[in-house]
Amino acid sequence: MDQNGGNHLKEPLLQVDGSSGASPARASPRKERKTRKVMFNVRGISCASCAVSIETVVAGLKGVESISVATLQGQAVVQYRPEETDARTIKEAIEGLNFEVDELQEQEIAVCRLRIKGMACTSCSESVERALQMVPGVKKAVVGLALEEAKVHFDPNITSRDLIIEAIEDAGFGADLISSGDDVNKVHLKLEGVSSLEDIELIQSVLESVEGVNNVECDTVGQTIIVAYDPDVTGPRLLIQCIQDASQPPKYFNASLYSPPKQREAERHHEIRNYRNQFLWSCLFSVPVFMFSMVLPMLSPFGDWLFYKVCNNMTIGMLLRWLLCSPVQFIIGWRFYVGAYHALKRGYSNMDVLVALGTNAAYFYSVYIILKALTSDSFEGQDFFETSVMLISFILLGKYLEVVAKGKTSDALSKLTELAPETACLLNLDKDGNAISETEISTQLLQRNDVIKIVPGEKVPVDGVVIKGQSHVNESMITGEARPIAKKPGDKVIGGTVNDNGCIIVKVTHVGSETALSQIVQLVEAAQLARAPVQKLADRISRFFVPTVVVAAFLTWLGWFVAGQFHIYPREWIPKAMDSFELALQFGISVLVVACPCALGLATPTAVMVATGKGASQGVLIKGGNALEKAHKVKAIIFDKTGTLTVGKPSVVQTRVFSKIPLLELCDLAAGAEANSEHPLSKAIVEYTKKLREQYGSYSDHMMESKDFEVHPGAGVSANVEGKLVLVGNKRLMQEFEVPISSDVEGYMSETEELARTCVLVAIDRIICGALAVSDPLKPEAGRAISYLSSMGISSIMVTGDNWATAKSIAKEVGISTVFAEIDPVGKAEKIKDLQMQGLTVAMVGDGINDSPALAAADVGLAIGAGTDVAIEAADIVLMRSSLEDVITAIDLSRKTLSRIRLNYVWALGYNVLGMPVAAGVLFPFTGIRLPPWLAGACMAASSVSVVCSSLLLQLYKKPLRVEQVAGPKNDPDLV
């Protein structure tokens, strides 16, 4: 990970003094934000005057904020206020100038995330997707079954979030808004001192006038306010100050942070509690029914009273079972009726349809038996009330266990969200930058450019850069790096990590949703919502699964019933107190309820959820199931050299002295000349000199003064240091200054270049006194990582822009046989396409800076050493650390996940393939074994639970390769 602080911190755009309040003279940024952008493709623009005429006419329209016309591209981009004009009016104005205007090239797209309630299987999620895609203006909708969320892209000019939620509710599911695209940075405030609606409206208007405030939502009942703001411009402390300044005596307004309950956690606990309570209530009725039908009749004389007749042939046992079963069937089991109704209304079928059909068949046949017994003194029949009531109870138990297990699939993500501490120590500084006071405040109140103090043992509250002090920080919870990382002034720190042993002063650079921790959570949530291609198998099966099961159940009933009527099987096969119709009905109901589409729907998303969460906890951010599925097929990996196989920081690895001058003096003179240069080689020489001083007992960072410093491009530098002319550079620089080069120097240069090192010559007063060999060292784990990839059946290829000698040397050292050198970034992408043409699935590992074309061209792009920049669009997988072991972790985790998904499908499909024939009575003629409907229901419930528990086993995943301590490249100076 890049720890050094080459950071360009953003200065505050809003200068705040202690007395600043809301300025009524400011234009409301809320009005400025209420603009829309539209792009037109305009044909007929031939010169600049055409563009000017379009800009003049359109800019004159009421409501147009700005217009920009690109002559060469033939495009016009217009920013306008929708309440005053619209895109159609603007288009007609351009057409009025005799230009042809094509359809709108760019539409404003809004995004919202919704919590979906009531989904049980893949059919449910597909139904929600279909309902959303039928809403006018919805461009894209993705529904995650395991996550129970939907992400919707829509045109706000055509539809709204309320209409989208209404469409979901019409489909028979519940929906709550989780977030929308404009609430990236929000603060929730509790108002104090507010006594009327006018007070709230005053506060709202004041906040809307604050620069940087995007949106203000007020809850007049709860007296809370939600403010969406731009952290580059303002922050929560300024907003609270504005609310306080808005009050006028005798009224006094104040605001404090308000933490709304975590909706996801609250709803999950509510769902668990709801299923548990329903199961317990059903047990209250089903246990007596089971006792009255299955246990007591076999324990004479204790159960004899159940056979006492109430009227004609209706017994007390029948009446009690009917009375106890009805509440379970129609009150506790009402959810299955509702789900089945909405499913059939939308033209699809789900698990609720199967349960409703099975329980209704058992219940209403039993009612028929009772009515016949009530009206006849000779009719004898067996009721199946225990089938209905126990079936519902077992299904509720299965759903309860399923939601508990599903909750654990996002444990890793939950732990990430809880890493940030609640409070931080804010320093108040004087003009000289000295701390004059400390204040403990909530982490949510921190703003960009604040200065905070972090003592040993405390968590880092937000992202920032160390400006004072040194320490080691444990980043294992974010990056997976086991060893604490040394931090000094200029180094970055990540929110949620732990300061180990020193006090550091940190300047805040990112707050709220911009922190690395928040971006990781957002990336993982998006990955868990994305659907893996392997999920298509379950989607295809789910479309015809339930109708097939219903047909199979009917044919099962019909087959056994016809066989019984025509005495095809012996009468002894029919259990006592049953007839052939009832036996056939039990087989048919068992087939209905034993088949479970839920297990199929959960097989992929639960495994992806656990895998992406587990990967995030180890510093491997996988962007969804698609990346997971592709990664397991990888057969070739292309590595960039600099920053990927090598450390990315040149360092002096060898020195040679050609005169009697001491090595330290030689390096001091060279560093004095190089101190003013920004070249990486110059920095390497300066850094080496500092370390050499420490070895000789000198700890001064002060470099010798230099005069007449001059850079010679492509050759080196020259300077006057301590009255001596110092030349530091290559052979070309020496030739420019007519410095003689001896055979010893020539030999050393050749020896160094053969090792793929850069030879830097140092001449003092036109005499070469020494040379330094500079190299970008290999990462310690590079060789082991390449070897391990080879053992996994993956070939490694190096593609670099460096020269062939360096490339071949590096490749030989790490064990890579195939090398492509002197290739630009576009050429890297072409090489990847060539390999893909050979039928290989290719992964590209790069540093995410100059490798974007190659990362995008590869089947799987892995951005290594991303650090806090987790929003790399080109990569499929983001590796938080610079360690190559994480490349292996990403591929191995993908293979383990796909294996687990296949195993889940074996559980789900195998269960149905084996369970349905047994339920249909295939084994009954040979073994006498049959599956009663209530036991079939228990098996159905167990299948979903087993699939989720199978996915949870991925929580036990461990990295296959962990490099603890590997000796780095030799760094001892070679003195001659």
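Quick caveat: nothing in here was measured; it's all calculated off a predicted structure.

(A) Just the overall build of the chain, in detail. Within the chain one finds 31 helices and 36 strands. Within the chain, the proportion of its 976 residues that are buried is 51%. In the chain, 70% of the contacts between residues at least 6 apart in sequence involve partners at least 24 apart. Per element, the accessible surface of the chain, about 43,800 Å² overall, is 55% carbon and sulfur.

(B) Expanded view of the pattern of salt bridges. Evaluation of the coordinates by the stated rule reveals 19 salt bridges. With a shortest N-O distance of 3.1 Å, arginine 81 and glutamate 84 are connected by a salt bridge. Of the residues examined, glutamate 84 reaches a relative accessible area of 34% and is grouped as partly exposed. For the salt bridge of lysine 488 with aspartate 491, the shortest nitrogen-to-oxygen distance reads 3.7 Å. Assessed through its relative accessible area of 41%, lysine 488 is described here as partly exposed. We classify aspartate 491 as buried; its relative accessible area is 2%. Members of the salt-bridge network, linked through shared partners, are Arg881, Glu885, Asp886 and Lys959.

(C) How the structure looks around the sheet that holds strand β20 (residues 485–487). The strand order across the open sheet built from 3 strands is β20-β19-β22, with neighbouring strands paired in antiparallel fashion. This sheet does not close on itself; its edge strands, each paired only once, are β20 and β22 (498–499). With 3 bridges connecting them, strand β19 (residues 471–474) and β20 associate as antiparallel partners. Opposite histidine 472, over in β20, you have alanine 486 as the bridge partner.

(D) Structural detail: the UniProt feature "transmembrane region" (unreviewed entry) in the chain. Per the UniProt entry, the sites bearing "transmembrane region" (unreviewed entry) are residues 279–299, 319–338, 350–371, 383–401, 544–563, 583–604, 905–928 and 934–954 in this numbering. Along residues 350–371 one finds 95% helix and 0% strand; the C-alpha atoms at either end are 32 Å apart. Taken as a whole, residues 905–928 contains 79% helix and 0% strand, while its terminal C-alpha atoms sit 30 Å from one another.

(E) Looking closely at the sheet that holds strand β11 (residues 224–229). The strand order across the open sheet formed by 4 strands is β10-β11-β9-β12, and the pairing between neighbours is antiparallel. Two strands lie at the open edges of the sheet, namely β10 (213–219) and β12 (254–257), each paired on one side alone. Between one strand and the next, the sheet's axes are offset by a mean angle of 30°, whatever the strand orientation. Pairing of strand β9 (residues 186–192) with β12, which is carried by 4 bridges, proceeds in the antiparallel orientation. For glutamate 192, the partnering residue across the bridge sits in β12 and is asparagine 254. Packed onto the sheet, helix α6 (residues 197–208) meets β9, β10 and β11 and runs at close to 170° relative to β10.

(F) Here's a closer look at the packing of helix α18 (residues 597–617) against helix α29 (residues 885–919). Between α18 and α29, whose axes approach to 9 Å, the crossing angle comes to 160°. Taken together, the axes of α18 and α29 are roughly antiparallel relative to one another. Pair α18 / α29 crosses with right-handed handedness. Of the residues in α29, those in contact with Ala599, Leu600, Ala603, Thr604, Thr606, Ala607, Val608, Ala611 and Gly615 of α18 are Leu893, Thr897, Ile901, Asn904, Tyr905, Ala908 and Leu909. When the residues that make up the contact of α18 with α29 are grouped by side-chain class, the tally is 11 nonpolar, 5 polar and no charged.

(G) Representation of the side chain of serine 247 in the model. Within the secondary structure layout, serine 247 lies in the loop between α7 (236–245) and β12. Side-chain polar atoms of serine 247 contact the backbone oxygen of glutamine 244, separated by 2.7 Å. Here the side chain of serine 247 touches phenylalanine 253 through a polar contact of 3.4 Å, landing on its backbone nitrogen.

(H) Region of interest: a negative patch on the surface. Taken together, the side chains of Asp162, Glu166, Glu169 and Asp170 make up a negatively charged region of the molecular surface. Mapped onto the secondary structure, aspartate 162 falls in helix α5 (residues 161–170).

(I) Expanded view of α29. Its 35 residues give α29 an end-to-end C-alpha distance of 49 Å, which sits within 8% of 51 Å, the value for a rise of 1.5 Å per residue. One or two positions beyond α29, positive phi appears at glycine 921, with a value near 90°.

(J) Representation of the nonpolar core. Grouped together as the largest cluster of nonpolar side chains are 153 residues, with contacts concentrated most on Ile637 and Ile877. Aside from chain neighbours lying at most four places away, what touches isoleucine 877 is Val620, Leu621, Ile622, Ala627, Ala631, Val860, Gly861, Leu862, Ala863 and Ala890.

(K) Representation of the pairing of strand β1 (residues 36–43) within the structure. Summarising the sheet, β1 and strand β3 (residues 75–80) pair through 6 bridges and their orientation is antiparallel. Paired with asparagine 41 across the two strands is glutamine 75, which belongs to β3. Pairing of β1 with strand β4 (residues 100–101) involves 2 bridges; the strand directions are antiparallel. The residue of β4 that forms the bridge with valine 42 is valine 101.

(L) Molecular detail of unusual backbone geometry. The backbone phi angle of asparagine 449 is positive, close to 80°, even though this residue is not glycine. With respect to the helices and strands, asparagine 449 occurs in the loop between β16 (435–442) and β17 (451–454). Among the residues examined, asparagine 449 registers a relative accessible area of 16% and is labelled buried. Even without a glycine there, the phi angle at aspartate 765 is positive, about 50°. Locating aspartate 765 in the fold gives a position in the loop between β30 (758–764) and β31 (767–775). With relative accessibility at 43%, the residue aspartate 765 sits in the partly exposed group.

(M) Spotlight on the packing of aromatic side chains. In the structure shown here, the tally under the stated rule is 20 aromatic pairs. Measuring from centroid to centroid gives 5.7 Å for phenylalanine 561 and phenylalanine 581, while their planes differ by 90°, and the two rings are edge-to-face. Residue phenylalanine 561 is found in helix α16 (residues 535–565), and its partner phenylalanine 581 is found in helix α17 (residues 580–594); the two are separated by 20 residues along the sequence. With a relative accessible area of 22%, phenylalanine 561 lands in the partly exposed category. Within the aromatic cluster, the residues linked to one another by ring pairs are Phe330, Trp334, Tyr337, Tyr363, Phe364 and Phe385.

(N) Quick peek at α17. With 15 residues, α17 extends 21 Å between its outermost C-alpha atoms, agreeing within 8% with the 21 Å of an ideal straight helix rising 1.5 Å per residue. With 14 of 15 residues buried, α17 lies mostly within the body of the structure.

Conventions adopted
- Residues numbered from 1 in each chain as written.
- Predicted model: local features only at pLDDT ≥ 70, side-chain atom pairs only at ≥ 80, totals over all residues.
- Heavy atoms only, no water.
- Helix = DSSP H or I, 4+ residues; strand = E, 2+ residues; numbered from the N terminus.
- Buried < 20%, exposed > 50% of the residue type's maximum accessible area, 1.4 Å probe, protein only.
- Contact = heavy atoms within 4.5 Å.
- Areas by Shrake-Rupley, 256 points an atom, 1.4 Å probe, with all protein chains shown as cover.
- Salt bridge = Lys/Arg side-chain N within 4 Å of Asp/Glu carboxyl O.
- Pairing = 2+ DSSP bridges.
- UniProt positions renumbered as here; feature names shortened; annotations may be inferred.
- Axes fitted to C-alpha atoms, helices over the stretch in contact; angles between N-to-C directions.
- Parallel < 35°, antiparallel > 145°, perpendicular 65-115°, else oblique.
- Left-handed = near helix turned anticlockwise from the far one by under 90°.
- Nonpolar A, V, L, I, M, F, W, Y, C, P; charged D, E, K, R; others polar.
- Polar contact = N/O pair within 3.5 Å; in protein donor to acceptor, adjacent residues only side chain to side chain.
- Patch = residues over 30% accessible without salt bridge, like charges linked within 9 Å, V, L, I, M, F, W, Y side chains within 5 Å.
- Lys, Arg positive; Asp, Glu negative; His and termini not counted.
- Charge placed at Lys NZ, Arg CZ, Asp CG, Glu CD.
- Expected span 1.5 Å × (residues − 1).
- Core = buried A, V, L, I, M, F, W, Y, C linked by side-chain atoms within 4.5 Å.
- Phe/Tyr/Trp six-rings, centres within 6.5 Å; stacked < 30°, edge-to-face > 60°.

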